[in-house]
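# Breakdown of the fold
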Amino acid sequence: MVTEQRALFIIFGGTGDLAKRKLYPALFNLYRKGFLKENFAVIGTARRPWTDEHFQEVVRDAIHAEGALLKDTSRFASHFYYQSHNVNDTEHYTTLRNLAEKLDQKYEIGGNRMFYLAMSPRFFGTIAKHLKSQKIVTAAGYNRVIIEKPFGRDFASAEELNEAIGRYFPEKDVFRIDHYLGKEMVQNILAVRFGNNLFRALWNNRYIDNIQITLSESLGVEERAGYYETAGALRDMVQNHILQIVSLLTMNMPASYSETDIRREKIYALKSLRKYTPEEVEKNFVRAQYKAANGQRGYREEEKIADDSSTETFVAGKLFVDNENFSGVPIYIRTGKRLSQKTSRIDIAFKAMPTNIFAPQRLGQNVLTINIEPEGKIFMQINVKKIGQGFTLKNSHLDFFPTSNGESTFPEAYEKLFADALAGDATNFTHWEEVAHSWKFVDTIRDTWDKQNDVLEEYPCGSMGPQASDKLLERDGCKWFYQGKNN
Ligand code: NAP
């Protein structure tokens, strides 16, 4: 259902990459679909001295609209205003407040404010403090703050950041973005699990043999090298996206599809992550770095990367969620850059039949795959009879493509998340306690690695990671279902 919203957006980092690539197109889609009509305005702020006209041109370019949409683009962009502003300068907030008040009246917004912090987290505390002290938050409407990743670099820094924001904004008004939670196929995890008695009954350690999560990227570090060199794959992908997917896959059934109930169960799942000793980290986690191959340069040859960098660009691991339903089920995860293909996918492998009446024919394993990208689809491997005389079995696919029955294409994650935040629904944002438990889990791995002096493993660009990642599963008699390109 489309409900028109009234809001003033103040985007800190309005000239940045994220704003241009994701935020402006997402807002435009909400405008086209009627979530935003006349009663909204956007203030973009950053230091460089842009005019409103230039800003509106940047916004129009960011949208890439064609044909009939061009008319909408100009009307949409006319709601955008630019305010040159250094977030460290207290006086600048007065100018910002005046502009905010003026636009609030002009567009009859009624005091609803969305503060989007699309800049380095080191500024978040300062911005939150000034929004309050300089009275940019209003008493008339809501005041919500949307925060980008990374939320800290370990538990201690995340806690500090949380306190810096929490001093001025209550948890209910803090919307921490994990854009994977805005992806249609990630949201499908709960639909499949809790909308089908078939899967509800099977979704536990009695029937599931193992779970595999792959978030592979074919790109290297590109223009994010400076940040990535200080973060690495563990912090950049595992702490947030992968552990969020783990929580959705292993949480208990919530009492209702509501923010409070879902968050409660997700927090409980993340709290149940088994913490490893340093010896267990060594046994269960693999890290590696990409090296030159297939015409692509190695990580250490990338710009802004140290020649002797020990930052991992690949992580694989085996983890456990020790709750009632999942205790004993290995969850294999892997993520990395410069792998053979960009893919995000989840494979759920079910246990073998207790007896095989068709022996000596072998029964294929039942595997449910949720493909998040590049193509959103769900498929299930099942054993069926081959057509013809005799009785021969074959392993076949049951496929479901959510977009193939004429339904529209998937909305972009940022569009869905913006719509949720406008509606005040934080179900698909991460609660502080989720962040805290995730960091505590990741910190034990990071601490172990930081104390090791061994040489980092390497993997060739275009592969699916180092051999150690395959061995992690082979040791348990398994293999990665997804083998990269052409799989
Ligand atoms: P970016 O392109 O470097 O943009 C940073 C923005 O901050 C610019 O608009 C910059 O504009 C502004 N800025 C810097 N210092 C400022 C100051 N003192 N006062 C006011 N404005 C200041 O970064 P980004 O890629 O958009 O990323 C923004 C945030 O989103 C980061 O936390 C990043 O980790 C996160 N993120 C980004 C992506 C992505 O795809 N880009 C994805 C996930 C998360 P001026 O130079 O004009 O001041």
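Cut-offs and rules
- Residues numbered from 1 in each chain as written.
- Predicted model: local features only at pLDDT ≥ 70, side-chain atom pairs only at ≥ 80, totals over all residues.
- Heavy atoms only, no water.
- Helix = DSSP H or I, 4+ residues; strand = E, 2+ residues; numbered from the N terminus.
- Pairing = 2+ DSSP bridges.
- Axes fitted to C-alpha atoms, helices over the stretch in contact; angles between N-to-C directions.
- Core = buried A, V, L, I, M, F, W, Y, C linked by side-chain atoms within 4.5 Å.
- Buried < 20%, exposed > 50% of the residue type's maximum accessible area, 1.4 Å probe, protein only.
- Contact = heavy atoms within 4.5 Å.
- Salt bridge = Lys/Arg side-chain N within 4 Å of Asp/Glu carboxyl O.
- Patch = residues over 30% accessible without salt bridge, like charges linked within 9 Å, V, L, I, M, F, W, Y side chains within 5 Å.
- Areas by Shrake-Rupley, 256 points an atom, 1.4 Å probe, with all protein chains shown as cover.
- Lys, Arg positive; Asp, Glu negative; His and termini not counted.
- Charge placed at Lys NZ, Arg CZ, Asp CG, Glu CD.
- Phe/Tyr/Trp six-rings, centres within 6.5 Å; stacked < 30°, edge-to-face > 60°.
- Lys NZ or Arg CZ within 6 Å of the ring centre and 35° of its normal.
- Near = heavy atom within 4 Å.
- Polar contact = N/O pair within 3.5 Å; in protein donor to acceptor, adjacent residues only side chain to side chain.
- Nonpolar A, V, L, I, M, F, W, Y, C, P; charged D, E, K, R; others polar.

### Remarks on unusual backbone geometry
Of note, the bond from K149 into P150 is cis; its omega dihedral lies within 30 degrees of zero at 5°. Following the sequence through the fold, P150 ends up in the loop between strand 5 (143-147) and helix 6 (155-166). Cis geometry is found at the peptide bond from A359 to P360, where omega equals 10°. As for its position among the elements, P360 is in the loop between strand 11 (343-350) and strand 12 (367-373). The backbone of K304 sits at a positive phi, close to 65°, despite the residue not being glycine. Take K304: it is sitting in the loop between strand 8 (285-291) and strand 9 (314-319).

### A look at the sheet that holds strand 1 (residues 5-12)
Within the open sheet, the 6 strands sit side by side as 3-2-1-4-5-6. Their pairing is parallel. Of all the strands in the sheet, just strand 3 (80-84) and strand 6 (174-176) have a single pairing partner and so form its edges. Shown here is a sheet whose adjacent strand axes are inclined to one another by a mean of 20°, direction ignored. Two strands pair when backbone bridges link them, and strand 2 (residues 36-46) and strand 3 are joined in this way by 5 bridges, in the parallel orientation. Looking at strand 3, one finds that I43 is bridged to Y81.

### Points about the nonpolar core
Counting residues in each nonpolar core, the largest one holds 110 residues, and the members touching the most others are F12, F169, I211, F285 and L319. Not counting the four nearest positions on each side in its chain, F12 is found in contact with T45, H85, V87, Y93, L96, F115, Y116, L117, A118, M119, I127 and L131.

### Quick look at the pattern of salt bridges
Taken as a whole, this structure holds 25 salt bridges when the rule is applied. With a shortest N-O distance of 4.0 Å, E222 and R338 are connected by a salt bridge. Taken as a pair, E222 in the loop between strand 7 (208-216) and helix 9 (225-250) and R338 in the loop between strand 10 (331-336) and strand 11 lie far apart in primary sequence, 116 residues in all. Classification of R338 by relative accessible area gives buried; the value is 12%. Two residues, R274 and D322, come together in a salt bridge whose shortest N-O distance is 2.9 Å. Note that R274 is positioned in the loop between helix 10 (259-271) and helix 11 (278-284) and D322 in the loop between strand 9 and strand 10, a separation of 48 residues in sequence. For R274, a relative accessible area of 31% puts it in the partly exposed group. Linked through salt bridges whose partners overlap, the residues forming this network are E222, R297, E302 and R338.

### A few points about a positive patch on the surface
Together, K20, R47, R48 and R122 line one region of the surface with positive charge. Structurally, the position occupied by R48 is in the loop between strand 2 and helix 2 (52-63). Look at R48 and you get partly exposed, because its relative accessible area is 43%.

### Quick look at the packing of aromatic side chains
Tallied over the full model, the rule gives 28 aromatic pairs. Their ring planes at 65° and their centres at 6.2 Å tell us that F115 and F169 sit as a pair that is edge-to-face. With F115 in strand 4 (residues 113-117) and F169 in the loop between helix 6 and strand 6, this residue pair connects regions lying 54 residues apart in the sequence. Considered together, F115 and F169 belong to a single accessibility category, that of buried residues. Pairing F358 with F391 gives two aromatic rings, centres 5.5 Å apart and planes at 5°, and the pair type is stacked. Of this pair, F358 sits in the loop between strand 11 and strand 12 while F391 sits in the loop between strand 13 (377-385) and strand 14 (393-400), and the two are 33 residues apart along the sequence. A residue is classified by how much of its surface remains accessible, and F358, at 27% relative accessible area, is partly exposed. An aromatic cluster is present here, built from Y24, F28, Y31, F40, W50, F55, F76, F80 and Y82 joined pairwise through their rings. Sitting over the ring of Y180, K183 keeps its end group 4.9 Å from the ring centre. Residue placement shows R274 over the ring face of F320; its charged tip is 4.2 Å from the ring centre.

### Focus on the site of the ligand
In the vicinity of the ligand, 20 residues are found, and the nearest of them are T15, D17, R21, R47 and R48. At a separation of 3.4 Å, an oxygen atom of the ligand approaches a polar backbone atom of G13. Within the backbone of V87, a nitrogen or oxygen atom sits 3.1 Å from a nitrogen atom of the ligand. Look at the ligand: alone it shows 890 Å² of surface, and the protein chains cover 79% of it. Considering only residue class, the shell around the ligand consists of 8 nonpolar, 6 polar and 6 charged.

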